[in-house]
Amino acid sequence: MTSPKLIQGYEVVIGFETHTQLQTNSKIFSRASTAFGAEPNTQACAVDLALPGTLPVMNREAVQCAIKLGLALGSHIAPRSVFARKNYFYPDLPKGYQISQFEIPVVQGGEVSFFVGDQKKTVRLVRAHLEEDAGKSVHEGLHGHSGIDLNRAGTPLLEIVTEPDMGSSDEAVAYAKELHKIVTWIGICDGNMQEGSFRCDANVSVRKPGQPLGTRREIKNLNSFRFMQQAIDFEIRWQIEQIEDGHAIQQATVLFDPDTGETRAMRTKEDSADYRYFPDPDLPPLCISEQWVEQTRALMPELPRKMAERFVADYGLPEYDATTLTHSPAMGAYFEAAAKASGQPKLASNWVMGEFSRRMNAEELSIDQAVKKIRSSDLAVIIKQIVDGQISSSGAKTLFAHVWERGLQFIAPEGIGSVIDDLGLRQMNDTGALEKIVDEVIAANPDNVAQFKAGKDKAFNALVGQVMKASKGKANPAQVNELLKARLA
Amino acid sequence: MTQPLHDLTVAELATRLKARDVSAEEVARHFLARSQTAADLGAYLAMDEEATLAQARAADALLAAGNAPALAGVPIAHKDIFVTRDFATTAGSKMLADYRSPFDATVVRRLGVGAPGQTGGAGMVTLGKLNCDEFAMGSANENSAYGVVKNPWDTARVPGGSSGGSAAAVAARLTPAATGTDTGGSIRQPASFCGITGIKPTYGRASRYGMVAFASSLDQAGPMARTAEDCALLLSAMCGPDLDRDSTSLDVPAEDFTRGLSGDLTGLRIGLPTEFFGDGLDADVRAAIDAALAELRQLGATVVDISLPRTRLAIPVYYVLAAAEASSNLSRFDGVKFGFRAPDYTDLEDMYKKTRSQGFGDEVQRRIMTGTYVLSHGYYDAYYLQAQKVRRLIAQDFQQAFTQCDVIAGPVAPSVAWGLGAHGDDPLADYLADIYTLPASLAGLPGMSVPAGFGAAGMPVGLQLIGNYLQEGRLLNVAHRLQQATDWHQRKPNGI
């Protein structure tokens, strides 16, 4: 655990509730489709509309998603969990209650570990429970009336609740990013924050060190990491100011307004509802057999943290590289293939994190699109050319760009040499020619030679630069170093 | 001598239809005409001659094709708590006036002939929808928004509730059979009051899909007819797993309940719960029950005294749990999406309040209020949770009793049908009348009412039979043997 960072003498305490929309084909209790963006009320069946006589039937796929999350986070997967009704009236809630889990959730405990800078941080989970989403109210284009779109009603959600283990907005955002990575990694959520597939509520409070927990305010529906950071920072400053001004914090639910960068209260605890939870008599307890858990475990991909640890152990990568490369399963797999094919893991790591990522981001490509631009085997070929001294690092960048644009698969493998020649990138490995250039540079720069001999290293670098320039960048810098040192010794 | 069609049982009608002595359309027309003359009973709510005749012609086509299902062409009417595509469904409430369901309840589908493009079931023809207490809440059928139903034996008396329309229609020969639902006794008690036979199967045996929900953990569909044999025929068609639509449906295959009807009763142990024969029981009801038990002894059964010590607690437990579930189940009737909406309101909150105040009747509002209260923060443990615990104990009492006997017998209700309006503004009087039916409901056990004689003023009395889980066949066997030995079930109300 990192020691808490104090802000104006206050300790910050943050807990998270994250609603992840599960990637199932049909809704959690009906057979209607969950696809996003359809015409209003075209993806709501009699069950979603709560027509008289309809009953919920559990979607096995949604349960499978919950088991996967539990396995990914080291949680206890309850062999028997219970669905409850959360009763309240709202026009977009067709039954007048939401089916959720209350006392006995399906996923219990577990943790999420991640790095904030180079500090390892672990956040404990309280639970993750299955529930259905509500519909939404539509106010635009209805001539002063309100409409209800129930396409989203019954969409399966897994609500993931943490202990109040985060001590800063940086930690909170890092947690949210890590969780986002995990749920998309294991394929239970598409992670689309704009469409609301992954939305967070942050519970924020502040206290003087050693004091009991302060009163928390809950920031609802944070749907971008940037807003998350802004909202939490604003909320922390606001709460500290209130306390410093002698005001007590009222428990409240607040919304973040991205236009003003401020949070404002939706409702206070005084008017908080009594949801009258009770076990849903339409749904028997959810029973998950040990066998089902084990079958699911066999389907699980290697998780990002495990993969990162393996990259450190197997390829000697720094922790930073390993974490960056395990941003997605595709990225990790791409690196690993390039590392194996080239036999140069660190170089492969540098290239994937560097040139590859830079171009992918600049062109706004997905990893799947980017790996088609330059296959891992192509990258390995380029890396080998560097190691073999055929091209310099800067020459390799030019070659990389060339392959990215055209695709190496269109060039015969043995033809890489001719591409290097065509592009004029081949390093000068002819010692005789290089010696000649070195001699010429020494002759032409007596001042630098004198300074070097007087002990100034900078002068040596200037000489190297001159040689490189004279060779039009094709000299092997290591060789230049060696030759210069020998001549000036 | 040919009997009029309306005096035939389901079994007899099925035979005549199969033999092509009569067409399904003729039978349907006969019952439709007959129900016109009995409109003052208040049994039927929705009728649609065209829809009924279309179904009858479909049944005739099946019969003509020679591979018709068991009950093809036999008429039936459904309690208005089952949703139907061909007829409006109101659940006895103003809240659902003119409501049309886009689908048929599973029970309706399984019994029915099947709409075009829809798979049918037993091939029965729907005559219409039958009056019931609003959302099945009541013990006298006096809580329907569409008026009371009268008891055919004495039209100044109630038919019992909440399947009062079903019981009255069968007793008055307006239909050979009807569906009912039983939450706390709503098949057994009206069957008893109207002198017909009705069975509530084990909870989960018949699908709840398409039943307008009252109390989900108790609601159960069952048949109401004049004989045990007819109930067996109907029950065989109604039951069976419906796991894709109803998660509480039992994964137990449907069985042919007619097969064991004539089984020998020698050695059968009938348990009489002491608690069912105490002070609250009217003497004339007791006398009729005793006479029926004497018949069963004649048939070889033995009688043993047993105890169901928590019977007394069934009433408070039921009225806590049923109300709690109802308060939640009925929250979908908010005026937003379907059904009644108050005509004038100022804002959303006001719309909810006025819609629900104007759309629900007094008894429904009373139970919603009770249910909301017992689930509220701070009261949940004291009422709801406590009631759940006692419910489990009540079920244990039965399991203990079934170590001493095979079937439990007793009265259905403490009295015969009372006068219309007799309980006036005293809902507790209605609640107390459920004392003998509630325990089996809470335990989820099958129970039935069989005509067992007549009490004061010639009103029918039913014998209640309660079986262990999935023992419907045994109950029907006892009832059938009793009906072979007696003629109580064949008596007709005056003028019918």
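Position numbers for residues count from 1 along each chain, tracking the sequence in the order it is written. Naming scheme: in the order in which they are written, chains are lettered from A and ligands are numbered from 1. Totals for whole chains, interfaces and linings use all residues, but because this is a predicted model, local features are given only for residues with pLDDT of at least 70 and pairs of side-chain atoms are given and counted only at 80 or more. Here the side-chain values reflect all heavy atoms present in the structure, with hydrogen atoms and water set aside.

**Describing the overall build of chain A**
Secondary structure summary: chain A contains 16 helices and 18 strands in total. It is over C-alpha atoms that the radius of gyration is taken, and the globule rule equals 2.2 Å times the number of residues to the power 0.38. Against the compact-globule benchmark of 23 Å for 489 residues, chain A has a radius of gyration of 30 Å, which places it well outside the compact range. Expressed along its principal axes, the backbone C-alpha trace of chain A runs to roughly 95 × 60 × 55 Å. In chain A, buried positions account for 52% of the 489 residues. Shrake-Rupley sampling with a 1.4 Å probe provides the accessible areas, and residues are treated as covered by the protein chains on show and by no other component. For chain A, the computed accessible surface area is about 22800 Å², with 50% contributed by carbon and sulfur atoms. The way it works is that DSSP assigns letters per residue, a run of H or I at least four long becomes a helix, a run of E at least two long becomes a strand, and they are numbered from the N terminus. Partly exposed describes any residue whose relative accessible area lies between the buried limit of under 20% and the exposed limit of over 50%, with all areas from a 1.4 Å probe on protein chains only and scaled to the type maximum.

**Digging into the state of the cysteines**
Note that a disulfide, as used here, is simply two cysteine sulfur atoms within 2.5 Å. Applying the stated criterion to the full structure yields 0 disulfides over all chains. With no disulfide of its own, cysteine 189 of chain A has cysteine 65 of chain A as its nearest cysteine by sulfur position, at a separation of 9.1 Å. Residue cysteine 239 of chain B stays outside any disulfide, its sulfur separated by 11 Å from that of cysteine 231 of chain B, the closest cysteine. Here cysteine 239 of chain B falls in the buried class, since its relative accessible area comes to 4%.

**With respect to the interface of chain A and chain B**
Counting residues at the interface gives 32 residues for chain A, matched by 39 residues for chain B. By convention, the term buried area covers the 1.4 Å-probe accessible surface removed from two parts as they join, with the contributions of both added. When chain A packs against chain B, close to 2800 Å² is buried across both sides, 58% of that on carbon and sulfur atoms. Put simply, a salt bridge is a Lys or Arg side-chain nitrogen that is within 4 Å of an Asp or Glu carboxyl oxygen. For the interface between chain A and chain B, the tally reads 2 salt bridges. Note that arginine 208 of chain B is salt-bridged to aspartate 282 of chain A, the shortest N-O span being 2.9 Å. It only takes one pair of heavy atoms within 4.5 Å for two residues to be counted as in contact.

**Observations concerning the packing of helix 13 (residues 431–444) of chain A against helix 16 (residues 477–488) of chain A**
All names here are of chain A. Interaxial angle, 0 to 180 degrees, is taken between N-to-C directions of lines fitted to C-alpha atoms, where a helix line uses only the stretch in contact. In contact at an axis separation of 10 Å, helix 13 and helix 16 are set at 55 degrees when each is read in the N-to-C sense. What the angle tells us is that helix 13 and helix 16 run oblique. Crossing of helix 13 against helix 16: the hand is right-handed. Taken together, the residues of helix 16 that come into contact with helix 13 (itself represented by Thr431, Leu434, Glu435, Val438, Asp439 and Ile442) are Gln479, Val480, Leu483, Leu484, Arg487 and Leu488. Gly falls in the polar group here, along with every residue not listed as nonpolar (Ala, Val, Leu, Ile, Met, Phe, Trp, Tyr, Cys, Pro) or charged (Asp, Glu, Lys, Arg). Residue classes in the contact of helix 13 with helix 16 are distributed as 7 nonpolar, 2 polar and 3 charged. In this scheme, roughly parallel covers angles under 35 degrees and roughly antiparallel covers those over 145, while 65 to 115 is roughly perpendicular and the rest are oblique. We call a crossing left-handed when the near helix sits turned anticlockwise from the far one by less than a right angle, and right-handed when that turn is clockwise.

**Quick word on the layout of surface pockets**
All names here are of chain A. Only protein atoms enter the calculation, which uses a 1 Å grid: trapped sets of points that fit a 1.4 Å probe without letting it out are cavities, open sets showing protein on both sides within 12 Å along at least five of seven lines are pockets, and any residue with an atom within 4 Å of a point is a lining residue. Grid points are joined across faces, edges and corners, and a volume is the space filled by probe spheres set on the points. Considered as a void within the structure, the second largest pocket measures approximately 1200 Å³ in volume. Going through the elements one at a time, strand 8 (111–116), helix 2 (169–185), helix 6 (319–325), helix 7 (329–342), helix 8 (345–362) and helix 9 (367–373) are the ones with two or more residues in the lining of the second largest pocket. Broken down by element, the residue count for the lining of the second largest pocket peaks at 7 residues, all from helix 2. Across the lining of the second largest pocket, the residue classes tally to 13 nonpolar, 13 polar and 7 charged. All domain edges in this entry derive from an automatic or database-based domain assignment. Taken domain by domain, the makeup of the lining of the second largest pocket includes at least three residues from each of domain 1 (6–294) and domain 2 (302–422).

**Quick notes on the pattern of salt bridges**
Any two side chains of opposite charge can pair, so long as their charged atoms come close to each other. Within the structure shown, the criterion is met by 48 salt bridges over all chains. Linking aspartate 282 of chain A and arginine 85 of chain A is a salt bridge whose minimum nitrogen-to-oxygen distance equals 3.0 Å. Taken together, the residues span a long stretch of sequence, with aspartate 282 of chain A in the loop between strand 17 (278–279) and strand 18 (286–287) and arginine 85 of chain A in strand 5 (residues 83–87) at a distance of 197 residues. With respect to burial, aspartate 282 of chain A and arginine 85 of chain A carry one shared label: buried. Its salt-bridge partner being arginine 57 of chain B, residue glutamate 50 of chain B comes within 4.0 Å of it at the nearest N-O pair. One continuous salt-bridge network, built from bridges that share partners, spans Glu302, Arg310, Asp314, Glu336 and Lys340 of chain A.

**Considerations on the UniProt feature "active site" (unreviewed entry) in chain B**
All names here are of chain B. Per the UniProt entry, the sites bearing "active site" (unreviewed entry) are Lys79, Ser162 and Ser186 in this numbering. Spatial clustering of the annotated residues is evident: they stretch over 108 residues in sequence, but the largest pairwise C-alpha distance comes to 11.1 Å. Counting through the fold element by element, lysine 79 comes out in strand 1 (residues 75–79). With relative accessibility at 0%, the residue lysine 79 sits in the buried group. Contacts of lysine 79, omitting those with residues within four sequence positions, involve Lys129, Leu130, Cys132, Ala136, Ser162, Ser163, Ser166, Thr179, Gly180, Thr181 and Ser186. Only 2.7 Å separates the side chain of lysine 79 from the side chain of serine 162, close enough to count as a polar contact. Tracing the sequence through the fold places serine 162 in the loop between strand 2 (125–130) and helix 5 (164–171). UniProt positions are given in the numbering used here, feature names are shortened, and annotations may be inferred rather than shown by experiment. Two N or O atoms count as a polar contact when they lie within 3.5 Å, although within protein this holds only if one can serve as hydrogen donor and the other as acceptor, and sequence-adjacent residues are included solely when both atoms are side-chain atoms.

**Looking at the packing of aromatic side chains**
Note on aromatic contacts: the rings of Phe and Tyr and the six-membered ring of Trp form a pair at centre separations within 6.5 Å, being stacked when their planes are under 30 degrees apart, edge-to-face when over 60 apart, and tilted otherwise. Applying the stated criterion across every chain, the model contains 32 aromatic pairs over all chains. Their ring planes at 85 degrees and their centres at 6.0 Å tell us that phenylalanine 333 of chain B and phenylalanine 338 of chain B sit as a pair that is edge-to-face. On the numbers, 5.9 Å between centres and 50 degrees between planes, the contact of tyrosine 373 of chain B with tyrosine 383 of chain B is tilted. Taken together, the residues span a long stretch of sequence, with tyrosine 373 of chain B in helix 11 (residues 362–375) and tyrosine 383 of chain B in helix 12 (residues 381–401) at a distance of 10 residues. Exposure remark for tyrosine 373 of chain B: the relative accessible area of 40% places this residue in the partly exposed category. Taking the relative accessible area as the measure of exposure, tyrosine 383 of chain B reaches 34% and is therefore partly exposed. Through successive ring pairs, a cluster of aromatic residues spans Tyr334, Trp351, Phe356, Phe400 and Trp404 of chain A. Here, a charge over a ring means that NZ of Lys or CZ of Arg falls within 6 Å of the ring centre while also lying within 35 degrees of the ring normal. Over the ring of tryptophan 292 of chain A we find arginine 60 of chain A; its NZ or CZ atom is 4.0 Å from the centre of that ring.

**A short note on the side chain of glutamine 464 of chain B**
Residues and elements named next belong to chain B. When you line up the elements, glutamine 464 lands in strand 10 (residues 460–467). For glutamine 464, a relative accessible area of 1% gives the class buried. Only 2.7 Å separates the side chain of glutamine 464 from the side chain of arginine 188, close enough to count as a polar contact. Polar side-chain contacts of glutamine 464 include one of 3.1 Å to the backbone oxygen of proline 411. Those residues within four positions of glutamine 464 in sequence are excluded, and the remaining contacts are Arg188, Phe276, Ile408, Ala409, Gly410, Pro411, Val412, Tyr436, Thr437 and Met448.

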